[in-house]
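Observations on chain architecture
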Amino acid sequence: MSETPSTNYSMLQPNSSESEQTLSTRHFNVTEPVVAKRICFYKSGDPQFNGIKMVINNRSFKTFDALLDNLSKRVPIPFGVRNISTPRGIHSITNLEDLEDGKSYICSHQKKIKPINLERASKKPLPWQISRPVSARRRVVQLAREKEDGIVQEDRAVKIRTPKKLLVFKNGDIRIRCTIVLSKKNMQNFETFLDSISELMQYPVVKLYTTDGRKVPNLQSLILCSGAIVAAGREPFKPGNYDPHRYSLPAKLPGLSSRVYPKANAKSESRNTGKWKVSVLTSDMPSAGTSSQVYITLYGDYSSSGPIFLYGEEGELFQRGNEDIFTIDTGDIGELYKIRIGHNNSGESPSWHCEEVQLQNLYTGEQFSLPAHRWLAQDQDDGEICRELPVLRRGQPVLPVTVYEVHVTTGELWNAGTEADAYISIHGEEGDTGSRQLLRSKNPRKFLKGQTDLFLLEAVHLGNLYKTVVGHNGLGSGNGWFLEKIVVKDPVTDLDYSFPCHRWLDQGEEDGKIVRELNVTDTTTFSARQELELKRAENWAAERWKFQKGNTLQFYNRLTRGFIRLSPDGTVDALGDKKDKYGLFDVTVKRNAHVFKSHQMPHIALALDNGYVTGMDNEDTLCELQVHVQPNRCAILESARSPGHMITFSLQGKVADDTVGYAGLSKEFVVHVKGVFHNGAIILLTTSLYQALCLRPDGSCSGAGKQSEESYWKVHKISSGVCMIESLKHQRMYLWIKDGECNGKGTGDVYCHFKIEKNLDSGSVSLESVQNRGMYVGLQPDGQTKPVVHTGERNILFYPRVIKFGREKPMGTSATPSQPKVWIRESEHQPAKAQKPMAQSPSASPPTEEMKNTQGTKYPLSSDDEWKVSVLTGNGGTQANVTLWIYGDKGVAGPITLGKDNREQLFLPRQEDEFQVEIKYIGEFYKIRIGHDGTSEHPEWKLEKVTLQHVKSRRTLNFPANKWLSRSRGAGDIICELPVEEAGKPIYPIVRYHIYVYTGHLEQAETDSPIYLCIYGKRGDSGLRLLHKSDMPVKFQRGMVDMFEMEAVSLGKLQKVLLHCEASNKVQYWYCEKVIIRKTGKDSEYIFNCERWLPFMSQGIIHSEIELYPEELQINRQLKTQDEANEGDWKITVVTGDFQTAGTTATVSLYAYGENRSSGPIILGSGKHQLFNPNSADTFKINLKGLGQLYKIRIGHDNSGNDPSWYLEEVRLERIAPTSDREICLAVDCWLAEDQDDGDTWTEVAIGISEKELLSMVIYELHVYTGSKLGAETDSNVYATLIGTRGDSGKRKLHRAKNNKVKFQRGQVDIFFIKAVSLRDLKKLVISHNGTGPGNGWFLDKVVVKFKEEDDDQEVVFPCNRWLDEYQDDGKTERELIAKKKGNSQKASTKARQWRVQVKTARDSPEPQKCKRTLVIYGSKGKSGDLLLSPQSPEYVCFLPRATDEFLVETGDVGDVYKIRVSCDDLPGFEGWHLKSFHMQELHTKQEVNFDCNCWLSVNREDRELVKEFPAVNENQKPLPVHKYIVSIHTGDHWGSETFANVYITLYGERGDTGVRKLHESLVKGGKFQRNKVRRHKC
């Protein structure tokens, strides 16, 4: 036993032995010469590093890895030396033999190196440049003298003659800190030092401060610091406890590292409670000792100690059977509750088996004994090299040890996977796990594109989780990583914590970070739907280009395999072919909706009339459709006038009507754009939502490029369906496939010709080489292109996006500069992501045709031709993105981004910029809107004038502005509207609207989210404007009124407003009471009532914006809605109790039951989002069309959230359409909670029916009989649904038994109560369990339901007598039980038949293995499903040699049995099964059937088959013959037609089928399914 004080240093000391720098003088055996090589190693990209000279021989370094480990200690590289290259980086060294004597090499942590000047690096400092150390006082005097002489300058290099250490804190976060040693390398100048700090801290450091907040401006001030500095970015200094004496080494590095640094012992102790005596016992097992450096971390209720290394005499610590004692100082951490002990996996034998850790507080004397008995080794146990041990109090741990399931999902982007080592740290209310490597995945390879990896992470329970820190070490060939999300499952609380990321961890992508901190989000239905809405928004951003004005579209239905077509008589179907002229539709935009006009007959368009698809006049509002893009890139077309009505067809391609069931409907369409590959078109070939095929400077191609100008391709059409693809940026470089390579080095010859294969089902295209038929442009997982064969995978699919059409008719609106060079809209350069509404206008409603021509022109100014836009800037320029909208009486053009390639030269002070704009016809102009997005360092802009000139007619429209577009000047607006002027006067005045926004008085009604408003009037709209400058010091506070001003060209009579709240989490939600708008100088006032939260949830969908109508218009609008018939609309009001704990955090759902049918679940919303609060009434609008007269509702919740208990007081129902004066009030007054009343989270309420009595409430008493078989009990949650002639009870959890505390035990009867509206005659009972808990299988004997209705006591028996177990019986965990009544036993027996099956195994059969054996029974009336032959008891072993096993199976009425099929799973290592015979007996009719088998089911014996069929053997009937069918498979002669996949076949005949058979062995020698070969199999 040794007692060693723990040292405070964890730095690896360089080996000072001279044997590494000079040749050894020892004499070696002459017969075994040692070849020594003198090598010099330099650091990648660092010319100041003088190099390390080493002698390499087979004695000094046994392996190449040993050399890398030694260099890692001596060459300062953040992640260690992992690569050695020749000086120019052309060749990498992989073994010791490749090193050449006298040469120099470059060390780096990745294959890509930064070259250096070896001549400069090899020069050592001259002897007179090295002087003796000087004292700190003398150094100060020298610096002061140099400053007086004017020698010292701010950026001049300062020579450091004695080493000085500085402790560097992150500004505002004392937990992130590191130590830096001042040296000549990092002290060349102040910028060099800041770069060194930035690399070390892993974030950009711009400024340095002393610990008391004084700025450190130069190197001289840095040297005079007291030993600690604070590193900051551009933010100001943040005060904190920056105590340099408390920390001398970092406890937490920014990012994740495989090394852990200890905390230092403070020299001056302010507290005595932080001193501990630590005894570590290593077990006496073989190889239990370790060569690694061991550390320990103590956690208390105040803080943690940070990792402290336990140092001592090297080679003596932590040896087998030893006890090592240390004294450490942790500071005051509070009451200890857990420790973490681990090592850094270093040395020759790092594996360690820790027996026990004992702690003693040297101040209080308190002692703790923490048993471990675990391996800490990557090659032992679970692979962890650290363990967490909870403190024991009274023999029990204060917190349990938990094994968390960590599900890590890699994104679907190309090159999203990584080969780097990934690390994670999980944080909860009870501490953190520390940095853990994600080492062992359940998948063979980790972190592949689109893959979810499961890791197990053991730690002391952390309580509620709130964040994770995840990152990687940047090593490996593909070290970038696109992380989609992490889900952590807590088995103690049975909760899932979701941590979305959806970002790159890559030094070359986004912000360059390889470490990210992820915060937890809710995993309720709300967040799931929010995630779905986000995906829909992303898909809309990627597909929206298809729906621009002027595009010609086709709508393909994947189920009907046809295109939508509109016939001249107005009928519509989905049976058109690709060339059908009536299947083309032109896009126009109208009132924030799309109109799809027939290309052949422009006067008619697709329309939805009361849910029926037809063709109508394109001016009719029924033609206005909303487009919803789904995650599968398909579009749904919904009526803008009648939301909920969608274009829908039956599976036969006809227009759907009420007679078609929901399962027979098809409403999703793949949208195809005509003219994508016309000659001269400029396109993107997108590979994902954010990536596209791009050409690299070296000529290689990648599908992981950005959707920017670098990825633009120009189309050169060769013939019909054949094109060449040329890079737009690198002209004369074409995509080609040649000599087994696919890249962009083509020269325009035949190897560059590609056939464009359009995939109708996905909207994608594939590029097949014309010269090399069958070879396609494909993508590898890292995104690199290669020629591939079409195997059905998606790596050959590209989704084209048109930037510029190759035809005269332009697409939508585009702007070009005056120069002849082709220019593409800058907005198209951006990746296809969902954008925030920053000064973007919704599609405006243009003024009506009644607006007179006030311009006085002889002819209308047609905008079909080109226009020149001139923008004159005043004395204040901007570099922000400038956007223009042009309004005409027939429509709107815009947004048009005004930009050029050299954006820095645009909109300079007193400069006029010209642009060329091509616009479709929008009628006569009456106003423009121009503004910028407020980005860049100089967003302020003084706009003097805008001029529009018609290029052909030279007609000119002037728009004088003379306004500042700035957040800090004027009205604070960055957008302005300018009217057309006639004779020096505007045709419409500019009006200043005063907007009064009322924030409600509810608790937490205030918000700091951005709020946007768009005003709609008779003459268009104002555009979506940010409500920026209020008359109140703080905007949108609870109970306050904010006044904003907005200038716009007069909108006429106001019709509505659009209110948008950009809240990122529920804390930022806002309750708006109303909006009032007044015009300056006018007495008119428009009141828009809101009275709701934003964002809000309606029927499970998140809405961030809402349309509000003025009070006088709202009544008319409601009447109009009633007249137009949205039949079935109801208003439901849910009233929560008025005491403090009455509210709920759960998600509430509703079921409604009518005479015709039931509604299914209607999600009303979640209590986590300001709904169902105490003493509140929440109102929702739901649609109950087609239900008929209502007779009951069921309402309840999913028991989610921190406080799900809910006291429901009342539910009120009121019909909206058609209107009704009657309000149905349903009193509930009960708890819906598992810990209150009867423990039910659902309740039913009957609704009075006219002229009929109210249905009674019935209490159903369920007696659940668990079987007496061994292992019959279960710990799972059990659910039951009663089904009668009057509906069902819904799925209820059998939560609280009346008679037993422990439920569902073997041989036990449990009694439960379900309260429901009368179901009349009970017919079925559906019972199931969720499979959780240690014993999740369950053998259910029967369920008896007792109830009293109409004074009659009734009893219904539901027999089961079967397993509900994934591994027993047929593997089902849900059973539908039929009610057993008197007199119907014979009838029931004819429907279901039970068989006793006896299976005899031969004596030479091998011992049974884990292999499923299934049985299929064939009879004259049909066949059974796959019946699993599983034992009745889990402990029973079946299929032993010479054994006869008995099974009970249940089938339908299959008639007279004539054959069976027996099969075994094809599992690795399965030796086979020698089946002797089968005997079956039907339990009711006593019918017996025998089968003579006597054969092997094995891939190694007899005929090598695992599936066999046997005919029934009867005395009076000859058995059916068993035939061997020879199946010949002829593989075609097309290029690439062969396959190496597993092929399966099923033969059908008059007497049944063969089942699925694998064609695994051919009768003909040769490879599998080769091209132009015949392969024969027997079946």
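Parameters and conventions
- Within each chain, residue numbers correspond to sequence positions counted from 1 in written order.
- Only residues with pLDDT of at least 70 are given local features in this predicted model, and only at 80 or more are side-chain atom pairs given and counted; all residues enter the totals for whole chains, interfaces and linings.
- Excluding hydrogens and water, the side-chain figures rest on all heavy atoms present in the structure.
- Only DSSP runs of H or I reaching four residues or more are called helices, and only runs of E reaching two or more are called strands; each is numbered from the N terminus.
- Burial status follows relative accessibility: with a 1.4 Å probe on protein chains alone, a residue under 20% of its type maximum counts as buried, one over 50% as exposed, and anything between as partly exposed.
- Here, Shrake-Rupley sampling with a 1.4 Å probe gives the accessible areas, and only protein chains in the shown set may cover a residue.
- Stacked, tilted and edge-to-face are the three classes assigned to paired rings of Phe, Tyr and Trp, where Trp is represented by its six-membered ring and a pair needs centres within 6.5 Å; plane angles under 30 degrees give stacked, over 60 edge-to-face, the rest tilted.
- Strands were regarded as paired on the criterion that DSSP finds at least two bridges between them.
- Between N-to-C directions, angles span 0 to 180 degrees; the directions come from axes that are lines fitted to C-alpha atoms, helices contributing only their stretch in contact.
- Salt bridges are identified by distance alone: a Lys or Arg side-chain nitrogen within 4 Å of an Asp or Glu carboxyl oxygen.
- Grid points spaced at 1 Å and placed over the protein atoms alone form the basis of the search, with a cavity being a set where a 1.4 Å probe fits but cannot get out and a pocket an open set showing protein on both sides within 12 Å along at least five of seven lines. Lining residues have an atom within 4 Å of a point.
- Grid points are joined across faces, edges and corners, and a volume is the space filled by probe spheres set on the points.
- Each residue after the first adds 1.5 Å to the expected span of a helix.
- Within this analysis, the arc is defined by the directions that extend from the helix axis to the C-beta atoms.

Scanning the protein chain from N- to C-terminus turns up 8 helices and 107 strands. Split into buried and exposed, the 1579 residues of the protein chain put 49% on the buried side. Entry remark: accessible area of the protein chain is about 76,600 Å², with carbon and sulfur atoms responsible for 47%.

A few words now on the packing of aromatic side chains. Counted according to the given criterion, the structure contains 40 aromatic pairs. Ring geometry for F447 against W481: centres 4.8 Å apart, planes inclined by 55°, an arrangement best described as tilted. Taken together, the residues F447 in the loop between β24 (436-437) and β25 (452-460) and W481 in strand β27 (residues 481-490) connect sequence positions 34 residues apart. The pair formed by F447 and W481 is uniform in burial state, with each residue classed as buried. Ring centres of F547 and F596 lie 6.3 Å apart, and the angle between their planes is 70°; on these two criteria the pair is classed as edge-to-face. Of this pair, F547 sits in the loop between α6 (525-543) and β30 (552-557) while F596 is found in strand β34 (residues 593-598), placing the two residues 49 residues apart along the sequence. F547 sits in the buried class, given a relative accessible area of 3%. Feature note: the residues W540, F547, F555, F585 and F596 constitute an aromatic cluster, connected by ring pairs.

Pairing in this open sheet of 4 strands is antiparallel, and the strands run β78-β77-β80-β83 from one edge to the other. Every interior strand has two partners, whereas the edge strands, β78 (1162-1166) and β83 (1242-1246), have only one. Taken pair by pair, the neighbouring strands of this sheet meet at an average axis angle of 20°, ignoring direction.

This brings us to the pairing of strand β14 (residues 323-329). Regular strands show a simple pattern: their side chains alternate between the two faces of the sheet. Within β14, 5 of the 7 residues are buried, leaving the element largely enclosed by the surrounding structure. Across 7 bridges, the pairing between strand β11 (residues 275-282) and β14 is antiparallel. Its bridge partner being in β14, S279 is matched across the sheet by I325.

This next bit is on unusual backbone geometry. The residue after G894, namely P895, is reached through a cis peptide bond having omega 5°. Looking at the element boundaries, P895 is found in strand β57 (residues 891-898). Across the junction of L1094 and P1095, the peptide omega takes the value -10°, indicating a cis bond. Checked against the element boundaries, P1095 lands in the loop between β72 (1085-1094) and β73 (1096-1098). Positive phi, normally seen in glycine, also occurs at D494, with a value near 60°. Positive phi is not limited to glycine here, since K1486 has a value of about 65°.

The next thing to look at is the sheet that holds strand β84 (residues 1257-1266). Spatial ordering of the open sheet is given by β88-β84-β90-β91, a layout of 4 strands whose pairing is antiparallel. Only two strands of the sheet have a single neighbouring strand rather than two, namely β88 (1309-1317) and β91 (1352-1364). Across the sheet, the axes of successive neighbouring strands diverge by a mean angle of 20°, strand direction being ignored. Of the pairings in the sheet, the one linking strand β90 (residues 1338-1349) to β91 comprises 11 bridges and is antiparallel in character.

Here strand β38 (residues 635-639) lies mainly inside the structure; 5 of its 5 residues are buried. Side chains A635, L637 and S639 of β38 all project onto a buried face; the interleaved residues I636 and E638 project onto the opposite face, where all are buried too. Relative to β38, strand β37 (residues 625-629) is paired through 5 bridges, and the arrangement is antiparallel. Paired with Q626 across the two strands is E638, which belongs to β38.

With that settled, the discussion passes to the pattern of salt bridges. Where side chains of opposite charge bring their charged atoms close, a pairing between them can arise. On inspection of all chains with the given rule, the structure shows 58 salt bridges. The salt bridge involving D1453 is made with R1393; its shortest N-O contact spans 3.4 Å. Pair noted here: D1453 is in the loop between β97 (1444-1452) and β98 (1457-1464) and R1393 is in strand β93 (residues 1392-1401), with a separation of 60 residues, a long-range link.

Attention now goes to empty space enclosed by the protein. Using a probe with the size of a water molecule, rolled over the atoms, empty space left in the structure can be pinpointed. Under the counting rule described, the total for this entry stands at 3 cavities of 30 Å³ or more. Considered as a void within the structure, the largest cavity measures approximately 100 Å³ in volume. Around the largest cavity, the lining comprises 12 residues; the ones closest to its centre are D973, L1026, L1027, H1028 and E1045. At the level of elements, β68 (1025-1026) and β69 (1041-1049) are the ones that each hand at least two residues to the lining of the largest cavity.

The next point concerns helix α4 (residues 190-201). Side chains that are three or four residues apart share a direction in an α-helix, a result of its 3.6 residues per turn. For α4, spanning 12 residues, the distance from its first C-alpha to its last is 16 Å, which sits close to the expected 16 Å at 1.5 Å a residue. Looking only at α4, the buried set comprises F190, F193, L194, I197, S198 and M201. Along the long axis of α4, the arc covered by the buried residues comes to 140°, so they all point the same way. Exposed side of α4, more than 90 degrees from the buried face: D195 and E199 are the residues found there. Where α4 terminates, the next one or two residues include Q202, which has phi positive at roughly 65°.

Purely geometric stuff here, so don't read any function into it on its own.
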